[in-house]
Amino acid sequence: MTGARVHRRQLLKSAAAAGAAAVCFAPALAQGTGPRVVIIGGGFGGTGCARALRQADPRIAVTLVEANATYTAPPQSNAVIAGLMELNHQQFGYNRVKAAGIEVAISAATAVDPEKRTVTLANGSTLSYDRLVVSPGIDFRAGTIPGYDRTAAETMPSAFNNGAEITTLRRQLEAMDDGGTVVITSPANPARCPPAPYERASLIAHYLKTRKPRSKVIVLDQKESFTMQKLFEAAWQELYPGLIEWVGLSNGGALSAVELATKTIATDFDKYKAAVASIIPPQKAGHAADLAGVADRTGWCPVDPLTFESRLQKNIHVIGDAAIAGAMPRSASAAQSQSRICAAAIVALFAGRKAEAPTLTSSCYSLIAPDYAISQRGTYRPADDQYVEAPPGVVISPADAPRTARKDEAQQADNWFRTITSETFG
Ligand SMILES: Cc1cc2nc3c(=O)[nH]c(=O)nc-3n(C[C@H](O)[C@H](O)[C@H](O)COP(=O)(O)OP(=O)(O)OC[C@H]3O[C@@H](n4cnc5c(N)ncnc54)[C@H](O)[C@@H]3O)c2cc1C
C-alpha cells in the first residue's frame, strides 16, 4: 500500500466519521489531492461522470481512461451512413475535457485488480483508485452467428460502436448498383438504442428513394415487434411505400448464419442475397466489465440503483449501456443521466453520507427523413431495487401528429445532439 493510499483512506474515514452534509475533505488540500476516481470509457457515461465529479468537488482527482483519442458519437450516425451529414459531425476529442481539470489517459484499460484497487493500461502504466467507474459501452457476443467472423464483421458492419464502420457502410451504399438489396439484421433485446436499426432502415430508404429507387431495404428481426413500431410503419408507408420490408421473428426474421463470400444472410426460413448488409449482433457489456469482474452470467452488470455501485465488486460503479438499469433504455441520454447520479453518489459516499433516491430521464429521437423525426421520452425511479417507470411514464410522439410536428421533432433531435455533445465533450 502506498503512502498516498494510506493518506486518502484516512481522509475518507475522517470524512465519513464527520457525516456532515458538505464534502468533508481537509480545507488545506489542493485541487485533485482528495480521493482518486478512475473512470474507464470516455463516452457519454464516462466523460459525463468525470465532468460531474469535477464540478461537484475539484479536490477529487479524476482520471478518464479512453482507448481512442477521438470519440465517434453513435446518435445521428445513421444520417452519416445515408449521406445526410459528414462523419466529423459525430467526432469529438478530449482537449476540452482536459481543460476542465480532468486527467485523460488515451490508452485501453487491460486489467483491473479490485483487491489492490488498480487499473493497468495498454501503455504499461498502472493507476490506483479509491473508486472506479466502468462505462465501456457494448461489445458483441462472440460465436453466436455461424460465419460471422472478424472479416465478416468488417464487410457487413454493425456500425454500432466503431466510427470507421460508419464510413464503410456509407461507401458501400454509394458503390451499390441501383436495384440492390440492403439487409439489416436487428438483434433481440437487451441491446443498445432499440430504435436504431429502424432509424437506419428509414434513412437508407431515404437515400435509395432519392438516388437508387429500384433498390430496397429488408430488416430481419430477432423480435416479434419493435419500439415505436406503429409510428415507424406509418412513416414508411407514407414516405417509402414498397421500399422497406420488415420480417419479424415468427415470419422468419431470426438470423441463423452468414456467408461472407456471397453476402448471403440465412434465417430459419429463407436466404437473402445482400448487395449491402449491416449485421447488428447480440450484445453484452463492453469487455472492460469482464476485466473488472462486474458482469454477471447475463453479460450485463447488476448495480445498486441508488449509487450504480456494482453488486459484484465493492468500490466499482457501472453506468451507461453496460449497466442493468431495469426499465431504462440503453441510450446516450440515459448514460448522461446515470453519470450525474453516479457522481453525486460517489461524492456522498466519500463524505460518509447516503446517496439520495434519484429520478432519471431518457429521451431518444429517431430520424425517419431529414425533416421527419419521432421520439420516446421516459422518466424512471428506483423501486424494488431496480429502475421502473415513474410518472409521466414513457411518452411517445402521437400517432396522428401533423407533419409540422414531425419537422419540429427533427429540429429538437438536432438541438438535443448539440446540447448533449457540448455538455459532455465541451
Ligand atoms: C445508430 C445509433 C443511434 C443512436 N441514437 C441515439 C439517440 O438518438 N439518442 C440516444 O440517447 N442514444 C442513442 N444511441 C445510443 C448511445 O450511443 C449509447 O447508449 C451511448 O453511447 C452509451 O454510452 P456509454 O458511455 O455507455 O458507451 P459509449 O458511448 O459507447 O462509450 C464507451 C467508451 O468506452 C471506451 N472503452 C471501451 N472499453 C475500453 C477500455 N478497455 N479501455 C478504455 N476505453 C474503453 C470506448 O472506446 C468508448 O469510447 C444510438 C446508438 C446507435 C448505435
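Going by the structure above, here's the rest.
In this numbering scheme, every chain counts its residues from 1 along its sequence in written order. Reporting in this predicted model follows two pLDDT cut-offs: at least 70 for local features of residues, and 80 or more for side-chain atom pairs to be given and counted; totals over whole chains, interfaces and linings ignore these cut-offs and use all residues. No hydrogens and no water enter the side-chain calculation; it runs on all heavy atoms of the structure.

S.K.: How should the overall build of the protein chain be read in this particular structure?
M.R.: When its secondary structure is counted, the protein chain shows eleven helices and 25 strands. Between the two quantities, the radius of gyration covers C-alpha atoms and the globule rule is 2.2 Å times the number of residues to the power 0.38. Since a compact globule built from 426 residues should have a radius of gyration of about 22 Å, the 22 Å found for the protein chain is in line with a globular shape. Each principal axis of the C-alpha atoms in the protein chain carries an extent, and together these give about 70 × 45 × 40 Å. A total of 426 residues make up the protein chain; the buried ones form 56% of that total. Counted over contacts in the protein chain with a minimum sequence separation of 6, partners at least 24 positions apart contribute 67%. Here the Shrake-Rupley method, with its probe set to 1.4 Å, supplies the accessible areas, and only the displayed protein chains count as covering residues. Carbon and sulfur atoms form 51% of the exposed surface of the protein chain, whose accessible area is close to 17,700 Å². Working convention for charge: Lys and Arg count positive, Asp and Glu count negative, and His plus the chain ends are omitted. Every charge is mapped to an atom, namely NZ of Lys, CZ of Arg, CG of Asp or CD of Glu. Taken as two groups, the 43 positive and 38 negative side-chain charges of the protein chain have centres that lie 6 Å from each other. Numbered from the N terminus, helices here are DSSP runs of H or I no shorter than four residues, and strands are runs of E no shorter than two. Accessibility here uses a 1.4 Å probe with only protein chains present; expressed as a share of the type maximum, an area under 20% marks a residue as buried, one over 50% as exposed, and anything in between as partly exposed. In what follows, residue pairs with any heavy atoms lying within 4.5 Å of each other are defined as contacts.

S.K.: Where do I start with the layout of surface pockets in this structure?
M.R.: The gaps left among the atoms become clear once a water-sized probe is rolled over them. In this structure, the second largest pocket encloses a volume near 310 Å³. A cavity here means a set of points on a 1 Å grid, drawn over the protein atoms and nothing else, where a 1.4 Å probe fits but cannot get out; a pocket is an open set with protein on both sides within 12 Å along at least five of seven lines, and a residue lines either one if it has an atom within 4 Å of a point. Contributing to the lining of the second largest pocket are 22 residues, with Asn189, Pro194, Met328, Pro329 and Arg330 lying nearest its centre. Elements represented by at least two residues in the lining of the second largest pocket include exactly strand S22 (360–369) and strand S23 (372–383). Among the elements that make up the lining of the second largest pocket, the one with the highest residue count is S23 (four residues). Grid points are joined across faces, edges and corners, and a volume is the space filled by probe spheres set on the points.

S.K.: Explanation requested: the sheet that holds strand S14 (residues 255–259) in the structure shown.
M.R.: Hydrogen bonds between backbone groups are what pair the strands of a sheet, and the pairing can be parallel or antiparallel. A pair of strands is considered paired only if DSSP assigns at least 2 bridges between the two. Taken in spatial order, the three strands line up as S14-S15-S16 in an open sheet, and their pairing is antiparallel. Edge positions in the sheet fall to S14 and strand S16 (271–273), since each has one partner strand and no second. Here the average twist between neighbouring strands, direction ignored, is 20°. Sheet topology places strand S15 (residues 264–267) next to S16; three bridges connect them, and they run antiparallel. For Ile265, the partnering residue across the bridge sits in S16 and is Tyr272. The convention used is that axes are lines fitted to C-alpha atoms, helices contributing only their stretch in contact, and that angles between N-to-C directions extend from 0 to 180 degrees.

S.K.: Teacher, can you tell me more about the packing of helix H10 (residues 332–350) against helix H11 (residues 403–425) here?
M.R.: Helix packing geometry: the angle between the two helix axes and the distance between the axes. Packing of H10 against H11 brings their axes to within 11 Å, and their N-to-C directions diverge by 35°. Helix-helix and strand crossings are classified by hand; for H10 and H11 the assignment is left-handed. Of the residues in H11, those touching H10 at Ala332, Ser333, Gln336 and Arg340 are Trp416, Ile420, Glu423 and Thr424. Side-chain classes follow a simple rule in which Ala, Val, Leu, Ile, Met, Phe, Trp, Tyr, Cys and Pro form the nonpolar group, Asp, Glu, Lys and Arg form the charged group, and the remainder, Gly included, forms the polar group. Tallied by class, the residues present in the contact of H10 with H11 amount to three nonpolar, three polar and two charged. For a crossing to be left-handed, the near helix must be turned anticlockwise from the far one by less than a right angle; the clockwise case is right-handed.

S.K.: Looking at this structure, I do not really get H11. What am I missing?
M.R.: In an α-helix, one full turn covers 3.6 residues, which means residues spaced three or four apart are oriented alike. How far a helix is expected to stretch is found by multiplying one less than its residue total by 1.5 Å. The end-to-end C-alpha distance of H11, which contains 23 residues, comes to 33 Å, matching closely the 33 Å that a straight helix rising 1.5 Å per residue would cover. For H11, every residue scored as buried is listed here: Arg406, Glu409, Ala410, Ala413, Asp414, Trp416, Phe417, Ile420, Thr421, Thr424 and Phe425.

S.K.: Teacher, can you tell me more about unusual backbone geometry here?
M.R.: Note that the residue after Asn189, namely Pro190, is joined by a cis bond; omega there is 5°. Of note in this structure, Gln76 is not a glycine but carries a positive phi near 75°. The class for Gln76 is buried, based on a relative accessible area of 12%. Residue Arg117 is not a glycine yet carries a positive backbone phi of 55°. Turning to its location among the elements, Arg117 is positioned in the loop between strand S6 (109–113) and strand S7 (118–121).

S.K.: Explain the site of the ligand to me, please; I cannot follow it from the model alone.
M.R.: Near is defined per residue: the residue qualifies when any heavy atom it owns lies within 4 Å of the molecule or strand. The environment of the ligand is formed by 37 residues, the closest being Gly45, Glu66, Tyr71, Arg192 and Asp321. The backbone of Gly45 places a nitrogen or oxygen atom 2.9 Å from an oxygen atom of the ligand. In the model, an oxygen atom of the ligand is placed 2.5 Å from a nitrogen or oxygen of the Tyr71 side chain. Against a free-state accessible area of 1,000 Å², the protein chains account for coverage of 92% of the ligand. Elements supplying a minimum of two residues to the shell around the ligand: helix H2 (44–56), strand S2 (61–66), helix H3 (77–81), H10 and S22. Grouping the constituent residues of the shell around the ligand by class yields 19 nonpolar, 14 polar and four charged. By the criterion applied in these results, polar contacts are pairs of N or O atoms within 3.5 Å in which, for protein atoms, one can donate a hydrogen and the other can accept it, and in which residues neighboring in sequence qualify only through two side-chain atoms.

S.K.: How do you make sense of the pattern of salt bridges when you look at a structure like this?
M.R.: When a carboxyl oxygen of Asp or Glu lies within 4 Å of a side-chain nitrogen of Lys or Arg, that pair is called a salt bridge. As enumerated under the stated definition, the model contains 17 salt bridges in all. Linking Asp290 and Lys284 is a salt bridge whose minimum nitrogen-to-oxygen distance equals 3.1 Å. Overall, Asp290 belongs to the partly exposed group, its relative accessible area being 36%. Among the ionic pairs, Arg403 bridges to Asp371, the shortest N-O distance being 3.7 Å. Placement of the pair is Arg403 in helix H11 and Asp371 in the loop between S22 and S23, with a sequence separation of 32 residues. Using a relative accessible area of 36% as the deciding quantity, one classes Arg403 as partly exposed. The exposure class of Asp371 is partly exposed, given its relative accessible area of 34%.

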